[in-house]
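Coordinate inspection notes
Here's the letter readout for the chains.
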Amino acid sequence: MIVRTRVAPSPTGDPHVGTAYVALINYLFAKKHGGKFLLRIEDTDQARSTRESETAILDSLHWLGLSWDEGPDVGGPHGPYRQSERSAIYQEYVQKLLDAGHAFKCFCTPQRLEEMREAQKAAKQPPHYDGLCLTYDAAEVARREAAGETYVVRMNVPQEGVCVVDDTRRGPIEIEWRTVDMQILMKSDGLPTYHLANVVDDHLMEITHVIRGEEWVSSAPKHILLYRYFGWEPPALMHVPLLRNPDKSKLSKRKNPTSILFYKAMGYLPEALVNFLGALANSTAAGEEELMTLAHMVERFDLMHVALGGPVFDVAKLDWLNGRYLRERLDADAFEARVAAWGFAPARMKRIAALAHPRIERMSDLGNLCGFFFAGRLNYPVELLRAGKLDDDALRAAFALAQAELDLLREYDLAGIERVLKGVAESLDKKFRDVVRAFYIAVTGSPTSVPLFDAMEILGRDVVRERLRHALEALGKKEKTA
RNA sequence: GGCGCCAUAGUCUAUCGGUUAGGACGUCGCCCUUUCACGGCGAAGAGACGAGUUCGAUUCUCGUUGGCGCUACCA
């Protein structure tokens, strides 16, 4: 048997380090066993998926040195590798389930479902589809369909017995069928949900080992049931732990930078980041060199040694590793080249120079004026934030709101940034200039600097988010008023 | 709340019943050094709790506690 693994990111946001972590484990396992590693884009959520995000994910994983044997950008014999291009396939398989009575059409409105869940919650019952539409006979279903009622397709789930999920690393996990909801397989827009698309694709793409995040354990029975319904041999399943924030919660950009783009922008080397992630999966033994190439990681990889506790993404250790790569693995020329490529690319320098040009008296002003473009955490006194007309509460509100709004921005560009900051000033009922002043400090470290929106655009969403987070941190928690 | 997963120092981990519980990051100290950093040497620091099995439990079982995940027409 040829081992075939995959990573299946959903292009709904920044390329997440967690995606890279899971991708790396799948990659290492496949390569270790002379198999294939594929990349599939799970973009069945029309509302949230974007091409920009997909591109960023592919670029980021490539940047880390990962490559796939089959995928949307390189093709392969099992394509297309983008789920949005596989609708006809899912339609076909949903019909099979429908024909066999393993799935049914559900005409319940979102409102009814909402009320049902509320009632169940109030009655201390676990939220669960009540099976109303399962009681309709063929004539009733036909009548409703003819009347133009929209419907989704739900999976018919047995209500008795237990499902044993055989996790390669954890052993058997028993989950009672009655705790498994009658999952929607196909949404009213005709596109499949994760569960259906995932199973169909993994089968069609001949995936032998599904190695994925821990968040999927509880829905594994649904997937196993689908394999059973289709009469397919399920792949080996294994769930790896989720990366954590320092406080042990699931890694989130609220508390910790999660975007690969951020680490790139901060001047981490891809080989250091991928080494760090790999060391989280398979730690080094006593006396073993911690600096490892991808090839070396492949060689020593052991799936059974992936620890089960959720590891904290320890930036301090990443810093140490990155420092060693920078100092020990790059000679003077290579270092210079990396630095140039990192922050001094011609296009970037041109923009920065143009911003500085009108505000300069001596070229030596450049350092103070533009240093923040090449910095990580800014070291300004917190008093500077407070020097403006906004009090602490207003500052906190402004930064927090901007953080959220900037994240929601579809296109992170000049116009969008301006819209967000104007919106922040408006909703706080503060003068735009007073609000902007605070952002100057948070983003550039100084009240007098190059144009803010340009600076924010050049720095990128991730670095800006981190600087706002830092400002929020510097201000401290809201004081309890006596 | 229900269901599930997890549990060795601040953090990442090794240990496949018998170890002075090993390593790495971080922290602290000493050395090197015009400063700092790097580097070298060293130190402090851990089996969540309670039962059980066993000659012997960090390791196996159960319970408690804690953390996390899931509980969407998101993945």
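So, a few notes on the structure that sits alongside this text. Quantities reported herein were computed from a predicted structural model and do not represent experimental measurements. Within each chain, residues carry numbers counting from 1 in the order of the written sequence. Each chain is given a letter, starting from A, and each ligand a number, starting from 1, according to the order in which they appear as written. A pLDDT threshold of at least 70 governs which residues receive local features in this predicted model, and a stricter bar of 80 or more applies before side-chain atom pairs are shown or counted, although totals over entire chains, interfaces and linings include all residues. Processing note: side-chain calculations cover all non-hydrogen atoms of the structure and skip hydrogens and water entirely.

Attention shifts here to the overall build of chain A. The helix and strand tally for chain A stands at 20 helices and 9 strands. Only protein chains enter the area calculation, which uses a 1.4 Å probe; residues under 20% of their type maximum are buried, those over 50% are exposed, and those in between are partly exposed. A total of 482 residues make up chain A; the buried ones form 49% of that total. In this description, contact between two residues means that some pair of their heavy atoms is separated by no more than 4.5 Å. Contacts in chain A between residues at least 24 apart in sequence constitute 75% of all its contacts with a sequence separation of at least 6. Of the accessible surface of chain A, which amounts to about 23,100 Å², a share of 54% is contributed by carbon and sulfur atoms. Counting rule applied: Lys, Arg positive; Asp, Glu negative; His and chain ends not counted. Every charge is mapped onto a representative atom, which is NZ of Lys, CZ of Arg, CG of Asp or CD of Glu. Here chain A holds 62 positive side-chain charges and 67 negative ones, and the gap between their average locations is 3 Å. Here a strand is any run of E in DSSP of at least two residues, a helix any run of H or I of at least four, and the numbering for each starts at the N terminus. Method for areas: the Shrake-Rupley scheme with a 1.4 Å probe, in which residue coverage is limited to the protein chains shown.

In this scheme Phe, Tyr and Trp rings, the latter by its six-membered ring, pair at centre separations within 6.5 Å, and the angle between planes marks the pair as stacked below 30 degrees, edge-to-face above 60, and tilted otherwise. Applying the stated criterion across every chain, the model contains 17 aromatic pairs. Each ring, one from W342 and one from F374, has its centre 6.4 Å from the other, and the planes form 70 degrees; the classification is edge-to-face. Separated by 32 residues along the polypeptide, W342 in helix α12 (residues 332-343) and F374 in the loop between α14 (366-370) and α15 (382-386) bring together distant segments of the chain. Taken together, the aromatic side chains of F262, Y263, Y268, F276 and F313 make up a single cluster linked through ring pairs. Ring-over charges, as used throughout, are those where CZ of Arg or NZ of Lys falls within 6 Å of the ring centre and within 35 degrees of the ring normal. The positively charged end of R154 is found above the aromatic ring belonging to Y129, 4.0 Å away from the centroid. Positioned above the aromatic ring of F432 is the side chain of K422, whose terminal nitrogen or guanidinium carbon lies 5.1 Å from the ring centre.

What follows is about the protein's contact with RNA strand B. What makes a residue near a molecule or strand is one non-hydrogen atom of that residue sitting within 4 Å of it. In the region of RNA strand B, 46 residues are neighbours, and D45, R170, K187, S188 and S283 sit closest. Of all RNA strand B atoms lying within 4 Å of any protein atom, the proportion belonging to sugar or phosphate reaches 84%. Two N or O atoms count as a polar contact when they lie within 3.5 Å, although within protein this holds only if one can serve as hydrogen donor and the other as acceptor, and sequence-adjacent residues are included solely when both atoms are side-chain atoms. Within the contact set of RNA strand B, a phosphate oxygen lies 2.8 Å away from a side-chain nitrogen or oxygen of T44. Between RNA strand B and S283, the relevant distance is 2.4 Å, taken from a sugar or linking oxygen to a side-chain nitrogen or oxygen of the residue. Those elements that place two or more of their residues in the surface near RNA strand B are α4 (110-122), β6 (171-176) and α11 (315-328). Three categories are distinguished: nonpolar for Ala, Val, Leu, Ile, Met, Phe, Trp, Tyr, Cys and Pro, charged for Asp, Glu, Lys and Arg, and polar for the others, with Gly belonging to the last. Of the residues in the surface near RNA strand B, the class split is 19 nonpolar, 11 polar and 16 charged.

Pairs of strands are assigned from DSSP output, requiring at least two bridges between the strands. Taking strand neighbours across the sheet as the criterion, the 3 strands line up as β3-β4-β7 in an open arrangement whose pairing is antiparallel. Every interior strand has two partners, whereas the edge strands, β3 (103-106) and β7 (184-186), have only one. Between one strand and the next, the sheet's axes are offset by a mean angle of 45 degrees, whatever the strand orientation. In terms of strand pairing, β3 meets strand β4 (residues 152-155) through 4 bridges, oriented antiparallel. Its bridge partner being in β4, F104 is matched across the sheet by R154. Convention adopted: a line fitted to C-alpha atoms gives each axis, helices being fitted over their contacting stretch, and angles between N-to-C directions are expressed from 0 to 180 degrees.

In the sections that follow, a salt bridge refers to a side-chain nitrogen of Lys or Arg positioned within 4 Å of a carboxyl oxygen of Asp or Glu. Under the counting rule described, the total for this entry stands at 39 salt bridges. Between R377 and E473 there is a salt bridge, and its shortest N-O distance comes to 3.6 Å. Within this pair, whereas R377 is found in the loop between α14 and α15, its partner E473 is found in helix α20 (residues 461-475), the two being separated by 96 residues in sequence. Note on E473: relative accessible area 47%, which makes it partly exposed. One salt-bridge network, held together by shared partners, links R6, R40, E42, R86, D201 and D202.

For V298, the position within the fold is in helix α10 (residues 294-300). Taking relative accessible area as the criterion, V298 reaches 14% and is therefore assigned buried. Separated by 235 residues in the primary sequence, V298 and W63 place their C-alpha atoms 18 Å from one another. Among residues more than four places away in sequence, those in contact with V298 are Y27, L28, K31 and K32.

Let us now look at helix α18 (residues 432-444). For α18, which comprises 13 residues, the first-to-last C-alpha distance of 17 Å matches the rise-based estimate of 18 Å (1.5 Å per residue) to within 8%. With respect to burial, α18 is a largely interior element, 10 of its 13 residues being buried. Buried within α18 are the following residues: D434, V435, V436, A438, F439, Y440, I441, A442, V443 and T444. Tucked inside the fold, the buried residues of α18 contact α15, α16 (392-408), α17 (414-428), α19 (452-459) and α20. Looking one or two places after α18, you find G445, whose phi comes out positive at around 85 degrees. Helix span, as expected, comes to 1.5 Å for every residue beyond the first.

Turning next to the side chain of E466. If you trace the backbone, E466 turns up in helix α20. The contact partners of E466, leaving out residues within four places of it in the chain, are P257, F262 and R377.

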